[in-house]
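Coordinate analysis (summary)
This is what each chain is made of:
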Amino acid sequence: MHGEELLRSRGLRVTRPRLAVLDVLAGGGHLEVDEIARRVRTRLDSVSTQAVYDVLGALSRAGLARRLEPAGSPARYEARAGDNHHHVVCRGCGEVADIDCAVGEAPCLDPNVSHGFEIDEAEVTFWGLCPACQSRKTDDI
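Quick caveat, the model's predicted, so the values are computed rather than measured. (Residues numbered from 1 in each chain as written. Predicted model: local features only at pLDDT ≥ 70, side-chain atom pairs only at ≥ 80, totals over all residues. Heavy atoms only, no water.)

1. Overview of the pairing of strand S4 (residues 86–90)
- Taking burial as the measure, the 5 residues of S4 include 4 buried ones, the bulk of the element.
- As paired strands, S4 and strand S5 (residues 96–99) are joined by 4 bridges and run antiparallel to one another. Residue Val-89 lies in a different strand from S5, and its bridge partner there is Val-96.
- For S4 and strand S6 (residues 125–128), the ladder comprises 4 bridges, and the chain directions are parallel. Bridging from a neighbouring strand, Val-89 pairs with Trp-127 of S6. (Buried < 20%, exposed > 50% of the residue type's maximum accessible area, 1.4 Å probe, protein only. Helix = DSSP H or I, 4+ residues; strand = E, 2+ residues; numbered from the N terminus. Pairing = 2+ DSSP bridges.)

Next comes the structure, spelled out in structure tokens:
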């Protein structure tokens, strides 16, 4: 589905900033807002960072983008949404990568006590060192 069709299928108005942000996210990765805004500005004459935040909020609420917030890092956004995948974050450089859910269906973890909540999702973040940081670590020894 193309950007315009995606937006319409979720009941969103088609706007140039929304199309540009969708296009940036479709390029892959786990991008911070400033990087998304920088890339959007190469496609549009001008767009404010606040407008990018607004678009990302609308896309996230519509299930077309996913916001992740690794501890100690700014929020990042990705196009891969709604498939119950998880993330691994490098403690050294902050690199983020996707990890498919081992169980395959949400919530994939069941708590001992739900406190009356109907649990529909578990957000799992794995932490470690990416290959580049592992290499730097062994070079320092």
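2. With respect to the domain arrangement of the protein
- Each assigned domain of the protein is listed here: domain 1 (3–68) and domain 2 (83–140).
- Each of domain 1 and domain 2 was reduced to a C-alpha centroid, and the two centroids are 24 Å apart. (Domains from an automatic or database assignment.)

3. As for the UniProt feature "binding site: Zn(2+)" (unreviewed entry) in the protein
- In the UniProt entry, the feature "binding site: Zn(2+)" (unreviewed entry) is given for Cys-90, Cys-93, Cys-130 and Cys-133. These annotated residues cover 44 residues of sequence, and their C-alpha atoms lie no more than 8.1 Å from one another, placing them together at a single site.
- Secondary-structure assignment places Cys-90 in strand S4.
- Relative accessible area serves as the criterion here: at 5%, Cys-90 is assigned to the buried category.
- Note on placement: Cys-130 falls in the loop between S6 and helix H5 (131–140). (UniProt positions renumbered as here; feature names shortened; annotations may be inferred.)

4. Points about the sheet that holds S4
- Here 3 strands make up an open sheet; going across it, the order is S5-S4-S6 and the pairing mixed. Each end of this open sheet is capped by a strand with a single partner; those strands are S5 and S6. Between one strand and the next, the sheet's axes are offset by a mean angle of 25°, whatever the strand orientation. (Axes fitted to C-alpha atoms, helices over the stretch in contact; angles between N-to-C directions.)

5. Details of the side chain of His-85
- Within the fold, His-85 resides in the loop between strand S3 (76–78) and S4.
- Apart from residues no more than four positions distant in its own chain, His-85 is found in contact with Arg-66, Glu-78, Arg-80, Asp-98, Ile-99, Asp-100 and Cys-101. (Contact = heavy atoms within 4.5 Å.)

6. A word on the packing of helix H3 (residues 33–41) against helix H4 (residues 49–61)
- Orientation of H3 relative to H4, taken along the N-to-C sense of each, is 105°, at an axis distance of 10 Å. For the element pair H3 / H4, the angle class is roughly perpendicular. On H4, the residues touching Val-33, Asp-34, Ile-36, Ala-37 and Arg-41 of H3 are Thr-49, Val-52, Tyr-53 and Leu-56.
- When the residues that make up the contact of H3 with H4 are grouped by side-chain class, the tally is 6 nonpolar, 1 polar and 2 charged. (Parallel < 35°, antiparallel > 145°, perpendicular 65-115°, else oblique. Nonpolar A, V, L, I, M, F, W, Y, C, P; charged D, E, K, R; others polar.)

7. Concerning unusual backbone geometry
- The phi dihedral of Asn-84 is positive, around 60°, even though this residue is not glycine.
- By the secondary structure assignment, Asn-84 is in the loop between S3 and S4.
- Here Asn-84 falls in the buried class, since its relative accessible area comes to 14%.
- One non-glycine residue, His-115, lies in positive phi territory at about 55°.
- Overall, His-115 belongs to the exposed group, its relative accessible area being 69%.

8. Considering the sheet that holds S3
- Strand order across the open sheet formed by 3 strands is S1-S3-S2, with antiparallel pairing between neighbours. Where the open sheet ends on each side, the last strands, each with one partner, are strand S1 (31–32) and strand S2 (66–68).
- Note: S2 against S3, 3 bridges, orientation antiparallel. The partner of Arg-67 across the bridge, within S3, is Tyr-77.

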